[in-house]
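Geometric and topological summary
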Amino acid sequence: MPRRILPTQLAAGILLFAGLLLTACGPPIAMRPDVATPSVENALELTKSGRHEAAAALFERLAIGATPPVALSRGLSAVREWLTADRVADAQRVFAALPPASVDATQAEERRLVEIDLLLARKLPAEAWRLASRLPEPRSPRVLQSVQRAALAVGRSADAVQASLALEKSLPGEPEREAARAALLASLRDAATRGVKLEPQTARDPLVRGWLEIGQIASTAAHSPLGVSRELVRWRKKYPVHPATSIAMAELNGPASGPVTMTTLSSGPVALLLPLTGRQAVAGALVRDGFLSALTVLPESQRPLVKVYDTGDPGLANALRAAQADNAGFVVGPLTRENTVQAVAGTLRRAPLLLLNALPNDMPTPMNTWQFALSPEDEAQQVARRALAQNQKRALVFAPTGDWGNRVTTAFRDAFMAGGGVLLDVQAYDAASNDFMPHITAALRIDESRARHKRLEGQVGKLQFEPRRRADVDLIFAAGQSVALRQIRAQLRFYYAGDVPTYMTSDGFDPDPAANVDLEGVQFPDMPWMLQEVGPVADARAATQAGWADKGLRLPRLFAFGYDAAQLMLALTSPRWQWPLSGVTGRLSPDSQGRIRRELDWAQLRKGKPQIYTAP
């Protein structure tokens with residue numbers, strides 16, 4: 001039963017409210033000449049004219065001396081005006097001084113809605129959702145709108161769609177419902193752009209799932225130089241009578257969402273430099289196929305002419321000379337690290353150059369040149385940031401011997417220690433070995449535990465013994481290929497370290513679930529192409545997989561790499577492009593050094609399959 005509020009309590013509350021309003025903000029706010037005799041009408045006129053700070057101050061003045069219900073109503077109006085003026089601290093000050101809500105249900109609801117908006121403005125989405133989810137049924141349209149905003153802010157996209165569907169049922173006519181659908185699509189697009197995972201696969205209701213998928217497509221449309229026409233066609237086939245259809249077709253398939261045109265290219269062709277013969281031929285062919293596949297999304301009249309030059313057996317120098325003779329307007333490639341360095345030294349006429357590998361750290365990036373690579377160093381750095389965000393600050397590292405392992409270890413170490421982390425031990429293992437036990441026991445200090453046991457037995461006689469691992473480990477970072485990591489993970493469990501949060505790079509993930517059984521619970525970053533099971537990226541992958549040879553199925557990231565190289569080429573030559581680019585290899589953006597940075601999705605292996613989740 002609700003607690004009764006006595007008249008004396010209300011009076012005391014309003015007196016406290018008035019006192020706080022007068023003292024909390026320092027000197028009294030001077031009245032403007034046009035509101036010398038303050039009234040609610042004056043405050044509303046200020047609101048209509050966009051003078052929200054003045055309106056907020058006036059509502060505060062009007063609350064002083066009013067009866068408790070009126071004071072509360074005007075105080076809430078002041079909070080809303082301060083929020084509209086982006087004066088969150090003032091909004092919080094006024095809200096904290098509000099008198100208690102009366103028994104009036106409408107006013108109590110208004111107070112809760114204002115509090116939700118205030119919590120969202122204060123960047124406290126979890127608290128806003130906690131309050132919004134407890135609002136009683138039946139819910140008014142304004143309540144449903146607050147629930148939708150709070151749900152999206154906290155990442156509960158399916159709940160946001162459910163609230164919007166309930167809101168739509170309460171609207172009087174089709175124009176209002178269509179406006180609500182447009183608002184929902186815009187909200188989903190903006191949420192996805194902010195990094196909220198819409199995760200359509202989690203929704204059982206096809207209506208909700210369709211909204212989440214079209215929200216993903218809308219986000220891609222805002223950040224994809226290739227447009228989304230094919231994705232829209234596939235979505236419409238899956239959801240032929242979905243209520244979002246008319247909005248999606250009008251807003252996502254119009255001129256504003258069309259592909260970027262290559263306004264800065266000369267009349268020459270795009271030169272694609274790849275190894276199509278020799279040891280790297282399979283990799284080169286996959287990158288080529290991904291690159292050309294991406295461009296088929298464009299209308300034929302808008303596709304740039306692409307000429308592919310083999311850097312394999314003929315060699316890079318021959319390929320560069322041929323591209324020079326063809327007056328290439330943009331160069332993409334080469335693919336190998338060695339050729340990348342050579343290409344920078346001999347770039348033809350300084351045409352724009354998108355390298356498909358990374359230059360050495362001590363080598364500056366020339367003007368009009370960008371570096372795009374599937375860099376394990378980037379993944380190692382993201383692992384370090386993820387662990388630090390989880391307050392995991394003491395790490396063990398396992399990495400293979402050689403250049404790859406050294407680079408990954410250095411990248412993780414630098415990012416981890418820069419954020420306050422400590423490396424307890426680094427073990428470099430031989431990937432060809434079948435026995436990683438010496439590295440495991442050394443890192444976990446099992447040998448020290450055994451030595452202590454022997455000393456004790458020398459003092460007191462025979463003792464029952466089970467070695468104990470060190471207890472100061474917050475996380476384990478194990479880099480390498482799947483075969484080695486499966487054995488390392490199994491041996492970590494043998495020594496009771498299976499419960500320690502364990503991370504790896506995407507190299508350890510095998511698309512075959514049966515190959516990941518021993519990696520249960522391991523977390524890793526990877527590209528959307530590998531992880532997303534529903535949505536436009538998954539649809540594009542399914543559409544191309546049927547034509548891949550067996551080797552292509554085992555190297556799927558290279559096809560995605562070529563696909564994004566084409567997207568990057570278009571974006572880099574567009575003066576109106578806004579980053580990041582929503583690529584199939586990650587969210588892409590160039591830094592000040594010309595390196596293309598990739599922000600990846602995060603997943604955890606469960607029963608051999610990756611479960612995607614949102615990184616903090």
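Described in the following lines is the structure provided in the data block. (Residues numbered from 1 in each chain as written. Predicted model: local features only at pLDDT ≥ 70, side-chain atom pairs only at ≥ 80, totals over all residues. Heavy atoms only, no water.)

**Section: the overall build of the chain**
The condition that has to hold: A run of DSSP states H or I qualifies as a helix once it reaches four residues; a run of E qualifies as a strand once it reaches two. Both are numbered from the N-terminal end. Throughout, exposure labels follow a simple rule: accessible area from a 1.4 Å probe, protein chains only, divided by the maximum for the residue type, with under 20% read as buried, over 50% as exposed, and the rest as partly exposed. The contact criterion used is simple: two residues touch if any of their non-hydrogen atoms lie within 4.5 Å. For every accessible area listed, the method is Shrake-Rupley and the probe measures 1.4 Å; residues are considered covered only by the protein chains on display.
Counting secondary structure elements, the chain contains 25 helices and 15 strands. Taking all 616 residues of the chain together, the buried fraction comes to 49%. Sequence-distant contacts in the chain: of pairs separated by 6 or more residues, those separated by 24 or more amount to 63%. For the chain, the exposed area adds up to about 28800 Å²; of that, 53% sits on carbon and sulfur atoms.

**Re the sheet that holds strand S13 (residues 596–599)**
Let me state the cut-off plainly: At least two DSSP bridges between two strands are needed for those strands to be called paired.
The strand order across the open sheet formed by 3 strands is S11-S12-S13, and the pairing between neighbours is antiparallel. This sheet does not close on itself; its edge strands, each paired only once, are strand S11 (581–582) and S13. One ladder, built from 4 bridges, connects strand S12 (residues 587–590) with S13; its direction is antiparallel. Bridge assignment links Leu588 to a residue of S13, and that residue is Arg598.

**Observations concerning the sheet that holds strand S5 (residues 369–371)**
To keep it simple, the criterion reads: Lines are fitted to the C-alpha atoms to define the axes, a helix being fitted only along its stretch in contact, and any angle between axes, read from their N-to-C directions, falls within 0 to 180 degrees.
Taken together, the 5 strands give an open sheet; going across it, the order is S2-S1-S3-S4-S5, and neighbouring strands pair in parallel fashion. Pairing within the sheet leaves two strands with one partner each, and these edge strands are strand S2 (306–310) and S5. Pairs of neighbouring strands in the sheet enclose a mean axial angle of 15°, with direction left out of account. The sheet strands contacting helix H14 (residues 281–295) are strand S1 (270–274), S2 and strand S3 (330–332), and the helix crosses S1 at an angle near 155°.

**Let's talk about helix H12 (residues 229–238)**
Threshold: In this context, the arc is that of the directions from the helix axis out to the C-beta atoms.
Residues Glu231, Leu232 and Trp235 constitute the buried set of H12. The buried residues of H12 occupy an angular sector of 100° when projected down its axis, which confines them to one face.

**Remarks on the environment of Asp474**
Our working rule: In protein, a polar contact means a hydrogen-donor-capable atom and an acceptor-capable atom, both N or O and within 3.5 Å, with residues adjacent in sequence counting only if both atoms are side-chain atoms; elsewhere, any N or O pair within 3.5 Å suffices.
Note on placement: Asp474 falls in the loop between helix H20 (446–460) and strand S8 (475–478). Under the relative-accessibility criterion, Asp474 is labelled buried at 17%. Separated by 78 residues in the primary sequence, Asp474 and Leu396 have C-alpha atoms spaced 8.4 Å apart. Once you skip the residues sitting within four places of it in the chain, Asp474 turns out to touch Asn391, Gln392, Lys393, Arg394, Val500 and Pro501. A polar contact is formed between the side chain of Asp474 and the backbone nitrogen of Lys393, at a distance of 3.0 Å.

**Quick word on the packing of aromatic side chains**
For the record, the criterion: Each aromatic pair joins two rings of Phe, Tyr and Trp (for Trp, the six-membered one) with centres within 6.5 Å, and gets the label stacked for planes under 30 degrees apart, edge-to-face for over 60, and tilted for any other angle.
Evaluation of the coordinates by the stated rule reveals 11 aromatic pairs. Judged by centre distance (5.0 Å) and plane angle (20°), the ring pair of Phe412 and Phe416 falls under stacked. Highlighted residues: Phe412 and Phe416, both in helix H18 (residues 403–418), separated by 4 residues, approximately one helical turn. With relative accessibility at 1%, the residue Phe412 sits in the buried group. Overall, the relative accessible area of 0% leaves Phe416 in the buried class.

**Thoughts on the nonpolar core**
Here is the rule: Definition of nonpolar core: a set of buried residues of the types Ala, Val, Leu, Ile, Met, Phe, Trp, Tyr and Cys, connected through side-chain atoms within 4.5 Å.
Ranked by size, the top nonpolar core spans 69 residues in total, and within it Phe291, Val332, Leu354, Leu356, Phe372, Phe398 and Trp529 carry the most contacts. Examining the composition of this core, we find that 12 residues originate from one element, helix H25 (residues 556–572), more than from any other. Phe372 has contacts with Leu354, Leu355, Leu356, Asn357, Phe561, Asp564, Ala565, Leu568, Thr585, Leu588, Ile596 and Arg598, leaving out every residue within four places of it along the chain.

**Quick notes on helix H2 (residues 40–48)**
Three or four residues apart is the spacing at which side chains of an α-helix point the same way, because the helix has 3.6 residues per turn. Among all positions in H2, only Asn42, Ala43 and Leu46 are buried. Seen from one end, H2 has its buried residues packed into an arc of 100°, which puts them on one side. More than 90 degrees from the buried face of H2, the exposed residues found are Glu41 and Lys48. In this structure, the buried residues of H2 make contact with helix H3 (52–63). One or two steps after H2, the chain reaches Gly50, where phi turns positive at roughly 85°.

**What to know about empty space enclosed by the protein**
Rolled over the atoms, a probe as big as a water molecule pinpoints where empty space is left. Which entries qualify depends on this criterion: The definitions used throughout rest on a 1 Å grid laid over the protein atoms alone, on which a cavity is an enclosed set of points accommodating a 1.4 Å probe that cannot get out and a pocket is an open set flanked by protein within 12 Å on both sides along at least five of seven lines; lining residues are those having an atom within 4 Å of a point. Grid points are joined across faces, edges and corners, and a volume is the space filled by probe spheres set on the points. Any residue outside Ala, Val, Leu, Ile, Met, Phe, Trp, Tyr, Cys, Pro, Asp, Glu, Lys and Arg is labelled polar, Gly included; the first ten of those are nonpolar and the last four are charged.
Scanning the model with the defined rule gives 3 cavities of 30 Å³ or more in all. When its volume is computed, the largest cavity comes out at roughly 60 Å³. Surrounding the largest cavity, Ala478, Leu485, Ile488, Arg489, Leu492, Thr502, Tyr503, Met504, Leu519 and Val522 form its lining. Those elements that place two or more of their residues in the lining of the largest cavity are helix H21 (482–494) and strand S9 (502–503). Each residue belonging to the lining of the largest cavity can be placed in one class, and the counts come to 8 nonpolar, 1 polar and 1 charged.

**A closer look at the packing of helix H6 (residues 105–121) against helix H7 (residues 125–133)**
Helices that pack against each other are described as a pair by the angle of their axes relative to one another and the distance between those axes. Formally: Oblique is the label for any angle not covered by the other classes, which are roughly parallel (under 35 degrees), roughly antiparallel (over 145) and roughly perpendicular (65 to 115). Helix crossings get a hand from a simple test, with the near helix turned counterclockwise from the far one by less than a right angle marking a left-handed crossing and a clockwise turn marking a right-handed one.
Packing of H6 against H7 brings their axes to within 8 Å, and their N-to-C directions diverge by 160°. Comparing their axes, H7 and H6 come out roughly antiparallel. Between H6 and H7 lies a crossing whose hand is left-handed. Each of Arg112, Glu115, Ile116, Leu119 and Leu120 in H6 lies in contact with H7, whose residues at this interface are Pro125, Glu127, Ala128, Leu131 and Ala132. Here the contact of H6 with H7 is composed, by residue class, of 7 nonpolar, no polar and 3 charged.

**Regarding the side chain of Gln567**
You can see Gln567 is positioned in helix H25. When neighbours within four sequence positions are excluded, Gln567 is seen to be in contact with Ser224, Pro225, Leu226, Leu581, Ser582, Gly583 and Val584.

**Let's talk about the pairing of S2**
Along any regular strand the residues' side chains alternate between the sheet's two faces. What counts, and what does not: With strands facing away from the observer, any crossover in which the path from the first strand over the helix to the second runs clockwise is taken as right-handed.
With 5 bridges joining them, S1 and S2 adopt parallel strand pairing. Within the sheet, the bridge partner assigned to Ala271 lies in S2 and is Lys307. Each parallel crossover has a hand, and for S1 linked through H14 to S2 it is right-handed.

**Some details on the pairing of S12**
Here 2 bridges tie S11 to S12, and the two strands are oriented antiparallel to one another. In the sheet register, Ser582 faces S12, and the bridge partner there is Arg587. Counting the residues between successive antiparallel strands, the hairpin from S11 to S12 contains 4 residues, one of them, Gly586, with a positive phi of roughly 140°. Between S12 and S13, which pair antiparallel and follow one another directly, the connecting turn spans 5 residues, one of which, Gly594, has a positive phi of 85°.

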